[in-house]
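# Remarks on the overall topology
This is what each chain is made of:
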Amino acid sequence: MKTQTEAITYSNYINGEWISADGNSLEPSVNPANKNEVVGYVQLSSRAELDAAVSAAKAAKTEWRKLSGAARGEFLYKAANMLESRLDEIAETMTKEMGKTLPEAKGETARGIAILRYYAGEGMRKVGDVIPSTDQEALMFTTRTPLGVVGVISPWNFPVAIPIWKMAPALIYGNTVVLKPATEAAVTAAKVIECFDAAGFPAGVVNMVTGSGSIIGQGIVDHPDINGITFTGSNEVGKRVGQGAFARGAKYQLEMGGKNPVIIASDADLDLAVEGTISGGLRSTGQKCTATSRVFVAVEVYDTFKDKLLSKVRELKVGHGLDAGTWMGPCASENQYKTVLSYIDKGLAEGADLLFGGKKVTSEGLENGFYVEPTVFENVDIKMTIAREEIFGPVLALIKVESFEEAIELANDTEFGLSASIYTKDIGKILAFINDIDAGLVRVNAETAGVELQAPFGGMKQSSSHSREQGQAAIEFFTSIKTVFVKA
Ligand SMILES: NC(=O)C1=CN([C@@H]2O[C@H](COP(=O)(O)OP(=O)(O)OC[C@H]3O[C@@H](n4cnc5c(N)ncnc54)[C@H](O)[C@@H]3O)[C@@H](O)[C@H]2O)C=CC1
Ligand SMILES: O=C(O)CCC(=O)C(=O)O
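Residues numbered from 1 in each chain as written. Chains lettered and ligands numbered in written order. Predicted model: local features only at pLDDT ≥ 70, side-chain atom pairs only at ≥ 80, totals over all residues. Heavy atoms only, no water.

The protein is annotated in an unreviewed UniProt entry as Aldehyde dehydrogenase of Mesobacillus campisalis. The record held by UniProt for the protein lists under Sequence similarities (unreviewed entry) the comment "Belongs to the aldehyde dehydrogenase family." (UniProt positions renumbered as here; feature names shortened; annotations may be inferred.)

Every residue lining ligand 2 is accounted for by Arg111, Asn157, Phe158, Ile162, Trp165, Thr232, Lys288, Cys289, Thr290, Gly450, Val451 and Phe457. Between ligand 2 and Arg111 there is a distance of 3.0 Å, counted from an oxygen atom to a side-chain nitrogen or oxygen. One nitrogen or oxygen atom from the main chain of Cys289 is found 2.6 Å from an oxygen atom belonging to ligand 2. For ligand 2, whose free accessible area comes to 290 Å², the fraction covered by protein is 98%. Along the lines of polarity and charge, the residues of the shell around ligand 2 split into six nonpolar, four polar and two charged. (Near = heavy atom within 4 Å. Polar contact = N/O pair within 3.5 Å; in protein donor to acceptor, adjacent residues only side chain to side chain. Areas by Shrake-Rupley, 256 points an atom, 1.4 Å probe, with all protein chains shown as cover. Nonpolar A, V, L, I, M, F, W, Y, C, P; charged D, E, K, R; others polar.)

What follows deals with the site of ligand 1. Around ligand 1, the surrounding shell holds 23 residues, and the nearest of these are Ser154, Trp156, Ser234, Met256 and Glu390. In this structure, an oxygen atom belonging to ligand 1 sits 2.7 Å away from a side-chain N or O atom of Trp156. Within the side chain of Asn157, an N or O atom sits 3.4 Å from an oxygen atom of ligand 1. Summarising the interface, the protein chains cover 85% of the accessible area of ligand 1, which totals 810 Å² for the free molecule.

Moving on, we get to the UniProt feature "domain: Aldehyde dehydrogenase" (unreviewed entry) in the protein. UniProt's feature table lists "domain: Aldehyde dehydrogenase" (unreviewed entry) at residues 18-484, given in the numbering used throughout. Across residues 18-484, the secondary structure splits into 40% helix and 21% strand, with the terminal C-alpha atoms separated by 42 Å. (Helix = DSSP H or I, 4+ residues; strand = E, 2+ residues; numbered from the N terminus.)

This part is about the UniProt feature "active site" (unreviewed entry) in the protein. The sites that UniProt annotates as "active site" (unreviewed entry) are Glu255. With respect to the helices and strands, the residue Glu255 is situated in strand S12 (residues 251-255). On the basis of relative accessible area, Glu255 is assigned to the buried category, the value being 2%. In this view, Glu255 contacts Phe231, Thr232, Gly233, Leu418, Phe457, Gly458, Gly459, Ser463, Ser464, Ser467 and Glu469; residues no more than four positions away in its chain are not counted. (Buried < 20%, exposed > 50% of the residue type's maximum accessible area, 1.4 Å probe, protein only. Contact = heavy atoms within 4.5 Å.)

Listed below in structure tokens is the structure:
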């Protein structure tokens, strides 16, 4: 039997109002720690609701664009204050809805607040350059103009931070937005939008429509009045989003998967490396695009590293994200749980050796949740599925390497290029790694996960559309440059 802990139905947010979808078709958002618990109901919307949201965003865009950056920033500061006043409640909802531990959820919500404040300040910063013209009597400069209406398609793994790191820059640079959050995290997203509502944004500037990827997500891709699309999610869907946007001339930005390597060199501080490998690979149940997945360990320190790693992994406490002392929560959904278990089966079937974990966790109190043990494989061949595809779960693959050069070569032997890290004290290896590794985020003596909001974020190869999010890099996607030549 399903229970409703909060018994709340969340509506779409269109033109400054909370509106139910026609026919009031609803989708439950289920607690992955207990599949019998419904965290809330969200609208299973149709194209009609999306059209209404896009019309509202289109109607609002001129007045919003005409406000000064400072005035737009004031709204973002207010949204940040609203989110701050609800930090604990929204973090708790996040934990209930997608399973990450409460401290992680609080950290993410605090990050959302910091992102809003960062971009509020961007409203006061320069948007162009004066460039000397060959005509001495002319003034030539660049300025920037918003795209118009931006569609935001977000995943479930960072339900507060990702929608905000897409919406905040979109808004400060003068765009209006239509957000389609992942259904698995749509209650948390609705609470974030409540903060924007309470901040008093003009009607139509911020809109949210929940529903399926194939109807609302695809609807955003196809909509002729959406001028830009920013997407985070799987490679498969991302490619479809990019192709659809390109076909109708809309600007697009894709952040997709990773298969992130860590290299443990022979001179590494092994305790630090173990800590970073565990934190990078298993925190948030491995559900980060920046999560460590492949661990390349120098043959000289392989056995010591392995023993140290296993002794720490054995101590990790799996449990409900709200329980103090839980280190790792459940997978975020039943789909994700099945996906992770099927990758573990593939690892075994293809001949990798399971060192630890690999099973469902069904101990008392956890039997109704989507829990998987933290899992470590060794003797993983680079051609095996678990070394090639994004698992998005708590699974580490150890690969022994004979030399630093082999480690770099194997680390780069992937279609992805999001994040990579190395543990070493050797400056020569550090510099070679920075130069030779194919990754948008290069981390030295630090775990692969860990994104700072003021720095560019994005990947190489198939991890992204080669654009960057966050920091000042965001202006490149959310605006177009106008080169202006003026002569009296
Ligand atoms: N890079 C990242 O941060 C993320 C990667 N993933 C990867 O994707 C795998 C599957 O997770 P999913 O939630 O199924 O990801 P997904 O790519 O299906 O979903 C991401 C977003 O895209 C929307 N979407 C789905 N189909 C669409 C379509 N045809 N057009 C437009 N939007 C659409 C979804 O509703 C959601 O809002 C994971 O196992 C993981 O490997 C998932 C979430 C985040
Ligand atoms: O590592 C992080 O903090 C962000 C990761 C991310 O963007 C993602 O998983 O989608």
